[in-house]
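# Survey of secondary and tertiary structure
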Amino acid sequence: MNIINNSDKAQKNLLTISETIAKARKIVIKIGSNTLAKEDGTINIEFMENFAKQCSTFIDNRKQVVIVSSGAQVAGISTIDRWARKKDLHYRQALCAIGQVELMDCWRSCFRKFNLHVGQLLLSKDDFGDQHRTLNIRNTLFTLVDEGVIPIINENDSVACDEFSIGDNDNLSALTSILWSADLLILCSDIDGVYSKNPKEYKDAKLIENITDVEKTKKSISIGKANNFGTGGITTKLEAAEKVLEYDVSMILTNGAKPNLLQNLANGTIKATLFSPAQ
Ligand code: ADP
């Protein structure tokens, strides 16, 4: 296999997860739908509150945080309690319009408990291809963060569709990391990291703890399908890694359900996949 294992890591002098977090000041954190939704399809408010607490600890430690949050459609279904089976694009976009308000209301009240304000940015593919728009997004992000407000980003799902959309928040969070010149992107999913094969299907799947060459990794693992609420699966996470590594931004793929995730990642007690830029 062409995947870097832990002994290779020592030889290549790569940073550990805990060193990477210690070094990072500007951190983008993406939270996937599977992390935000409970098994019954409702929004996991306990998770959100705990996560807001962890972010506030990061901020107390002089880190800057931007969140990319999925979950608008899930929140829409659980709010209106209808249309769960409607596949029609207009219904899906209508669900996102309903759910986005609910999602942000949950984030707002969770962060308020820790004396933090949030601001919403809904972005679409075109925004990243236009110089004026990217400049405006950058300035808004810098202003919010400098003033201690947490920006929460999502794709503008009620407007974007198919070929005009980014399509998944893994790639959106990668583009955001590059645009904001982040040091680190943390993707919170429902698995501990990249495995040799889908861990939901194969008990003997092995966690890959360090990746520097995404192209090689793609060739050496088997990619299974995404979960219930997920959109991109492991493919879009590897795409995100390819994007950010090109800009020397590190990336961690980790399990959002782990208790006290951010602090435990920082103190090195959680296993995850660390993508490091080549030295
Ligand atoms: P999220 O919404 O949290 O981003 P996704 O469902 O889009 O999550 O993607 C994560 C899922 O990808 C995992 O739950 C897992 O079942 C699936 N998957 C498929 N192949 C792999 C693999 N080789 N390594 C890790 N996860 C994999």
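The sections below set out a description of the structure shown in this document. (Residues numbered from 1 in each chain as written. Predicted model: local features only at pLDDT ≥ 70, side-chain atom pairs only at ≥ 80, totals over all residues. Heavy atoms only, no water.)

### Comments concerning unusual backbone geometry
With phi around 55°, S181 is a residue other than glycine that occupies positive phi space. The phi dihedral of D248 is positive, around 60°, even though this residue is not glycine. With respect to the helices and strands, the residue D248 is situated in the loop between α11 (233–246) and β9 (250–255). (Helix = DSSP H or I, 4+ residues; strand = E, 2+ residues; numbered from the N terminus.)

### Here's the deal with the sheet that holds strand β4 (residues 150–155)
Here we have eight strands laid out as an open sheet, ordered β3-β4-β2-β1-β5-β9-β10-β8, and mixed in their pairing. Each edge of the open sheet carries a strand with a single partner, namely β3 (118–123) and β8 (210–211). Summarising the sheet, β3 and β4 pair through six bridges and their orientation is parallel. If you follow Q120 over to β4, its bridge partner there is I152. Set on the sheet, helix α6 (residues 89–112) makes contact with β1 (26–31), β2 (64–69), β3 and β4; between it and β3 the angle comes to about 150°. (Pairing = 2+ DSSP bridges. Contact = heavy atoms within 4.5 Å. Axes fitted to C-alpha atoms, helices over the stretch in contact; angles between N-to-C directions.)

### Observations concerning the pairing of strand β5 (residues 184–189)
With six of six residues buried, β5 is to be regarded as a mostly interior element. Alternating residues of β5 divide into L184, I186 and C188 and L185, L187 and S189, and every residue in both groups is buried. Where β1 lies against β5, five bridges are found, and the strand directions are parallel. Bridging from a neighbouring strand, I29 pairs with I186 of β5. Two elements, β5 and β9, share six bridges in a ladder whose sense is parallel. (Buried < 20%, exposed > 50% of the residue type's maximum accessible area, 1.4 Å probe, protein only.)

### Let's talk about the side chain of K26
Relative to the assigned elements, K26 resides in strand β1. For K26, which is buried and forms no salt bridge, the nearest opposite charge comes from D183, at a distance of 6.7 Å. A polar contact of 2.7 Å, which involves the side chain of K26, links it to the backbone oxygen of W180. (Lys, Arg positive; Asp, Glu negative; His and termini not counted. Salt bridge = Lys/Arg side-chain N within 4 Å of Asp/Glu carboxyl O. Polar contact = N/O pair within 3.5 Å; in protein donor to acceptor, adjacent residues only side chain to side chain.)

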